[in-house]
Structures are given as structure tokens and as C-alpha cells.
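Structural description and commentary
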Amino acid sequence: MSDKRDFYEVLGVEKNASEEDIKKAYRKLALKYHPDRNPGDKEAEAKFKEAAEAYDVLGSSDKRRQYDQFGHRAFDSGGMGGPRFHNMEDIFSAFGDILGGSMFGDIFGGARRRTSGPQPGRDLKIALDMTLEEIDAGVERTVMLKRADHCATCRGSGAKPGTSKRKCETCGGRGQVSRSQGFFAMVTACPRCQGAGETIESPCASCRGAGKLEAKAEVRIHIPAGVEQGVRLRVTGEGDAGDPGAPRGDLYCVIRELEHKIFQRSGSDVITEIPVGFAQMALGDTVEIPTLRGRAEMSIPAATQSGKVFRLRGQGLPVLEGRGRGDQLVRVFVEVPKKLSDRQKELLREFQELERKGSGHTSFFDKIVSYFS
């Protein structure tokens, strides 16, 4: 008997779920457990793979029909078309249209595949420091960076204007040379053209044959509301320039959350602690609470104990790639005044006497004493 969880349970959908519902459920889980979002987290990696295996079956009408009839046995050894994901590359290859779509394409960058011919430019990476207020609202940022641009003099060819590159005579334009050593043949990059297949007889004076020069660039970046620490935003075509005829690389922006003086973050929820007077907690009161978007009123019932946590619905952060907002969790605690007037001291002593006399209340200290006696 298979020890795998039910695939419908893995994706959190009913057995009569539509194909679109199954796809949405998988995208949601893939976003949550994506390795870029959980670096080094083996548990998240396992759940990411588990969700991919579940979608591999339930996302196919034929496999889903087999699974509904035979369960996991349909894909055991000898079964037909079961999920076969040995690593992350298998998953990205199988579901590139989903993981590289509108949701993941801008948030998580996939590996750039190198092809023959002109090579695309290098990807660049920068860090973006963001406050919780900026994460709450979503912002546009303009950043200055240095990147490689095509040389204006030679238009990226590397050759002196009026001249052109020539096919490398050593490798015949292949970029590789073969050397025999006994029974073995070794293929290495051509030492003359460094694998380019072409040579420049008269280099451009401006870029010295490189075809590119370092230049400053101003890039505008849209940061969606609700991003989290470590999320990578991809800005397509804002990296280094590629070879002539090839696209630029991409710019990856890694989000770094700045520490807040008042709030702490827990997913889409925010947490804060508020000092409250003893009389307010004993008698009840309505207090103003700071939120990320201003102030909100919160009712404190009578006899509230120190450490009580209240929930303000919808006062948290937006859910990334989802709907709605998280909540604000407010922990209240008794604030003991550092200075008291004579009248305040008098009233507190009177209150203390009333507590000792007729209330029948046993203090925590009295309970400790009675325990040891």
C-alpha cells in the first residue's frame, strides 16, 4: 500500500473540482513552497515536489481518471504515466508554462538557457530595502545601476568602424579545437578566439574590442503589495547587453524587509504590543490603536488580563497574488506608571486595603505560600 497522501488532499480540493480549480490550487501551493521563497528549507522543498506530483496526475484528464479508479497503484512500478520528478529542474521543465507565467515570471526567475549563436546578456541582481508601509501599499521604485551597454562607436561588434570580424583560422569558426592524446581526443575552447569562432583584426578604440562599455542606467521597478523577505522580482530586459542580435539579461531585485519600530510581521498578519492602564483593563475602555494605514478604535472589555491578544480583521498586509488582507494582532499589557502623585498613591493604598479585606480574593503570592506550607 502506498504511503503517499491522497493527491486531492495534497492540493486541498474536492474530488469533483474543475480543471481550473486544480490549477489554481497548485499555483497557490507552488508559490507558497517555491524554493526561491524558502531557501534551504527541506520541508518546503518536499511539499513543493509533492504538490507538483499531485498536479502532474490531477492536471491530466487521463491520469486523473486512472487515479480515481485505482489510486496510487495506477502509478506504481509498471503503472502508466506516473509522476517522475527527481529534482527541481524536472518540475520546472514539466510546468514551465505555469511556474513561468504571469504569477511566477515577475516574482521568481527561472534559469536562463544558453543557446548556440549570439548569447544573451548577463542577469544582474540588486537588493531593495522596504518598510512595512511600502510593502503594504505597493510602490514604484527608480534605481540607479551600472550595467554593460553596447559600444556606441562599433555598435557592439568590437571591430573598428569600417572593418568587420573574421572567421577564426585556428578553429574554422567552430569555437572549439580537438586535440588527440593517445587513444583519447579532448575538445577545448579555441585558444585564439576564446570560443567565439571569430577574431577581430582591428579592435574598436573605444571598447578595445569588447563590444560593450559600462554605463549608468535608471530603471523603474513596480513592487507589488504584500511581497515578503527574500522574494525576487524579475525586471525583464534590464540586465547587461547581450551579443549583437541577442536580448539583454534580466534584473533581479531581492526584497529585504526593514525592521519596524512598532510592528512585527507574521505572513500577511502584523503584530504589535500596546501598553494600557490598569483601570482601563479592569473597567473596560475604547482605545486608539496605530495601524499601517493610520489609526483604528479597539474595545477592551472589563476584566481583561494582561497579555490578552485581540484581532483587528483586515488591518494586516495584502495577500501576495491573492485576495484580501491579513489581520493585526494586538497584545495588551498593563503599564505601571513610574511616577505617582500623592492622591494616586492614596487611592491605590485604599484599593489595596479593600482587596485584602473583604473580597475573598486570594492573591497569587498567597497561593504560593500555601503550596509550600
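Structure: above.
Presented here is an overview of the structure given in this document.

Rules used throughout
- Residues numbered from 1 in each chain as written.
- Predicted model: local features only at pLDDT ≥ 70, side-chain atom pairs only at ≥ 80, totals over all residues.
- Heavy atoms only, no water.
- Helix = DSSP H or I, 4+ residues; strand = E, 2+ residues; numbered from the N terminus.
- Buried < 20%, exposed > 50% of the residue type's maximum accessible area, 1.4 Å probe, protein only.
- Contact = heavy atoms within 4.5 Å.
- Core = buried A, V, L, I, M, F, W, Y, C linked by side-chain atoms within 4.5 Å.
- Pairing = 2+ DSSP bridges.
- Axes fitted to C-alpha atoms, helices over the stretch in contact; angles between N-to-C directions.
- Salt bridge = Lys/Arg side-chain N within 4 Å of Asp/Glu carboxyl O.
- Polar contact = N/O pair within 3.5 Å; in protein donor to acceptor, adjacent residues only side chain to side chain.
- Patch = residues over 30% accessible without salt bridge, like charges linked within 9 Å, V, L, I, M, F, W, Y side chains within 5 Å.
- Areas by Shrake-Rupley, 256 points an atom, 1.4 Å probe, with all protein chains shown as cover.
- Parallel < 35°, antiparallel > 145°, perpendicular 65-115°, else oblique.
- Left-handed = near helix turned anticlockwise from the far one by under 90°.

Tracing the sequence through the fold places Leu145 in strand E2 (residues 139-150). Judged by relative accessible area, Leu145 falls into the buried class, the value being 10%. Along the chain, Leu145 and Glu238 lie 93 residues apart, while their C-alpha atoms are 10.0 Å from each other. Each residue touching Leu145, except ones within four places of it in the same chain, is listed here: Leu124, Ala215, Lys216, Ala217, Val219 and Leu251.

One finds Ile221, Ile223, Val227, Leu251 and Ile255 to be the most contacted residues of the largest nonpolar core, which totals 24 residues. Those residues in contact with Val227 that lie beyond four places of it in its chain are Met130, Ile135, Leu233, Ile255, Glu257, Arg265 and Leu320. Ranked by size, the runner-up nonpolar core spans 21 residues in total, among them Tyr26, Ala44, Ala51 and Ala52.

With that settled, the discussion passes to the sheet that holds strand E15 (residues 328-334). Reading across the sheet, the four strands line up as E10-E11-E15-E14 and stay open at both edges, with mixed pairing between neighbours. The sheet is open, and its two borders are formed by strand E10 (264-266) and strand E14 (309-312), each paired with just one other strand. Taking each pair of neighbouring strands and ignoring which way they run, the sheet shows an average axis angle of 30 degrees. Two elements, E14 and E15, share four bridges in a ladder whose sense is antiparallel.

Moving on: the pattern of salt bridges. This model, assessed by the stated rule, comprises 24 salt bridges. With its nearest N and O atoms 2.6 Å apart, the salt bridge here joins Arg293 to Asp136. Of this pair, Arg293 sits in the loop between strand E12 (285-291) and strand E13 (294-300) while Asp136 sits in helix H8 (residues 132-137); the two residues are 157 residues apart in sequence, bridging distant segments of the chain. Among the residues examined, Asp136 registers a relative accessible area of 5% and is labelled buried. Between Arg265 and Glu257 there is a salt bridge, with the nearest N and O atoms lying 2.5 Å from each other. Through salt bridges with shared partners, a single network forms among Arg147, Asp149, Glu238 and Arg248.

What follows concerns the environment of Arg122. Mapped onto the elements, Arg122 comes out in the loop between helix H7 (104-107) and strand E1 (124-130). Overall, Arg122 belongs to the exposed group, its relative accessible area being 58%. The spacing of Arg122 and Arg147 is 25 residues in sequence and 9.4 Å in space, taken between C-alpha atoms. Not counting residues within four places of it along the chain, the set of residues in contact with Arg122 comprises Gly239, Asp240, Gly249 and Asp250. Engagement of the side chain of Arg122 in a polar contact is seen with the side chain of Asp240, the distance being 3.0 Å.

On to a nonpolar patch on the surface. A surface patch of nonpolar side chains, amounting to about 360 Å² of accessible area, comprises Phe278, Val334, Val336 and Phe351. With respect to the secondary-structure elements, Phe351 resides in helix H10 (residues 342-357). Residue Phe351 is classed as partly exposed on the basis of its relative accessible area of 37%.

Turning to the packing of helix H2 (residues 19-33) against helix H3 (residues 42-58), a few remarks are in order. Between H2 and H3, the shortest axis-to-axis distance is 9 Å and the interhelical angle comes to 165 degrees. Considering their axes alone, H2 and H3 lie roughly antiparallel with respect to each other. In this structure, the crossing between H2 and H3 has a hand that is left-handed. Residues Ile22, Lys23, Tyr26, Leu29, Ala30 and Tyr33 of H2 form the contact with H3, whose own contacting residues are Ala44, Lys47, Phe48, Ala51, Ala52, Tyr55 and Leu58.

What follows concerns the sheet that holds strand E9 (residues 251-257). The strand order across the open sheet built from three strands is E1-E9-E8, with neighbouring strands paired in mixed fashion. Of all the strands in the sheet, just E1 and strand E8 (232-235) have a single pairing partner and so form its edges. Averaged over all pairs of adjacent strands, the angle between strand axes in this sheet comes to 30 degrees, irrespective of strand direction.

Along any regular strand the residues' side chains alternate between the sheet's two faces. In terms of burial, E9 is largely enclosed, as five of its seven residues are buried. Relative to E9, E1 is paired through seven bridges, and the arrangement is parallel. The residue of E9 that forms the bridge with Lys125 is Tyr252. Note: E8 against E9, four bridges, orientation antiparallel.

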